[in-house]
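Listed below, chain by chain, are the residues.
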Amino acid sequence: QVQLVESGGGSVQTGGSLRLSCAASEYIYSNYCMGWFRQAPGKEREGVAAIDSDGVTSEADSVKGRFTISKDNAKNTLYLQMSSLKPEDTAMYYCAAGPTRSTYWWWGQGTQVTVSS
């Protein structure tokens, strides 16, 4: 059974930092692209960052320079380091995995990030 379990969300003030984690099965972690998505109330889900099995990363323009996606191979864990947070970053953040950066088959349950001004 594929499981993606996110953690690390919370409430911070503008300019603060948070690190999200996503624990995955070794099979998923080693063979599939993984990404972070977010969805704010009343808005469509958007891709935030992605990393493929070779470690090549990409970030959305809205977070470039502030968010960093990374993997810890020893822990089969995906991270999203978020800094210089803004109120518009407030959303439910989801971890996902799939065969390509544009196709995701498995999703975590989400972790809430709230940034107050």
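Heads up: the structure comes first, above all this text.
In this text the structure is predicted, and so the values were computed from the model without any measurement. (Residues numbered from 1 in each chain as written. Predicted model: local features only at pLDDT ≥ 70, side-chain atom pairs only at ≥ 80, totals over all residues. Heavy atoms only, no water.)

Chemist: Any chance you could explain the side chain of Thr 111 here in plain terms?
Modeler: Locating Thr 111 in the fold gives a position in strand 11 (residues 111-116). Among the polar contacts made by the side chain of Thr 111, one reaches the main-chain amide nitrogen of Gly 9 at a distance of 3.1 Å. With sequence-adjacent residues up to four places away left out, Thr 111 is seen in contact with Glu 6, Ser 7, Gly 8, Gly 9, Leu 20, Ala 91, Met 92 and Tyr 93. (Helix = DSSP H or I, 4+ residues; strand = E, 2+ residues; numbered from the N terminus. Polar contact = N/O pair within 3.5 Å; in protein donor to acceptor, adjacent residues only side chain to side chain. Contact = heavy atoms within 4.5 Å.)

Chemist: How do you make sense of the sheet that holds strand 7 (residues 67-72) when you look at a structure like this?
Modeler: In a beta sheet, neighbouring strands pair by backbone hydrogen bonds and run either parallel or antiparallel. An order of 1-3-8-7 is seen for the four strands of this open sheet, with the pairing classed as antiparallel. Looking at strand neighbours, the two that pair on one side only are strand 1 (4-7) and strand 7, the edges of this open sheet. Geometrically, the sheet is characterised by an average inter-axis angle of 20° between neighbouring strands, direction not taken into account. Across six bridges, the pairing between strand 7 and strand 8 (residues 77-82) is antiparallel. In the strand pairing of strand 8, Lys 71 is matched with Leu 78. (Pairing = 2+ DSSP bridges. Axes fitted to C-alpha atoms, helices over the stretch in contact; angles between N-to-C directions.)

Chemist: Help me understand the packing of aromatic side chains in this model?
Modeler: When we look at a pair of aromatic rings, we describe it by the centre distance and by the angle of the planes. Taken as a whole, this structure holds seven aromatic pairs when the rule is applied. When the ring of Tyr 27 is compared with that of Tyr 32, the centres are 5.7 Å apart and the planes differ by 70°; the resulting orientation is edge-to-face. With a relative accessible area of 12%, Tyr 32 lands in the buried category. Taking 5.0 Å as the distance between ring centres and 85° as the angle between the ring planes, the aromatic pair formed by Phe 37 and Tyr 104 counts as edge-to-face. With Phe 37 in strand 4 (residues 33-39) and Tyr 104 in the loop between strand 9 (91-98) and strand 10 (106-107), the pair connects residues that are 67 residues apart, well separated along the chain. (Phe/Tyr/Trp six-rings, centres within 6.5 Å; stacked < 30°, edge-to-face > 60°. Buried < 20%, exposed > 50% of the residue type's maximum accessible area, 1.4 Å probe, protein only.)

Chemist: Would you mind showing me how to read unusual backbone geometry here?
Modeler: Glycine aside, residues mostly have negative phi angles, and peptide bonds mostly take the trans form. Although it is not a glycine, Asn 76 adopts a positive phi angle of roughly 50°. Along the chain, Asn 76 turns up in the loop between strand 7 and strand 8. For Asn 76, a relative accessible area of 17% puts it in the buried group. Of note in the backbone geometry, Ser 84 takes a positive phi value of approximately 50° without being a glycine. By the element assignment, Ser 84 lies in the loop between strand 8 and strand 9.

Chemist: For this particular structure, what's the right way to read the state of the cysteines?
Modeler: Under the definition given, this model contains one disulfide. With its sulfur 2.1 Å from that of its partner, Cys 22 forms a disulfide with Cys 95. Disulfide Cys 22-Cys 95: the torsion about the S-S bond is -70°, which places it as left-handed. Highlighted residues: Cys 22 in strand 3 (residues 18-24) and Cys 95 in strand 9, separated in sequence by 73 residues. Like Cys 22, the residue Cys 95 is buried in the burial classification. Counting only cysteine sulfurs, Cys 95 is the nearest neighbor of Cys 33, a cysteine outside any disulfide, at a range of 12 Å. Residue class for Cys 33 comes out buried when judged on its relative accessible area of 9%. (Disulfide = S-S within 2.5 Å.)

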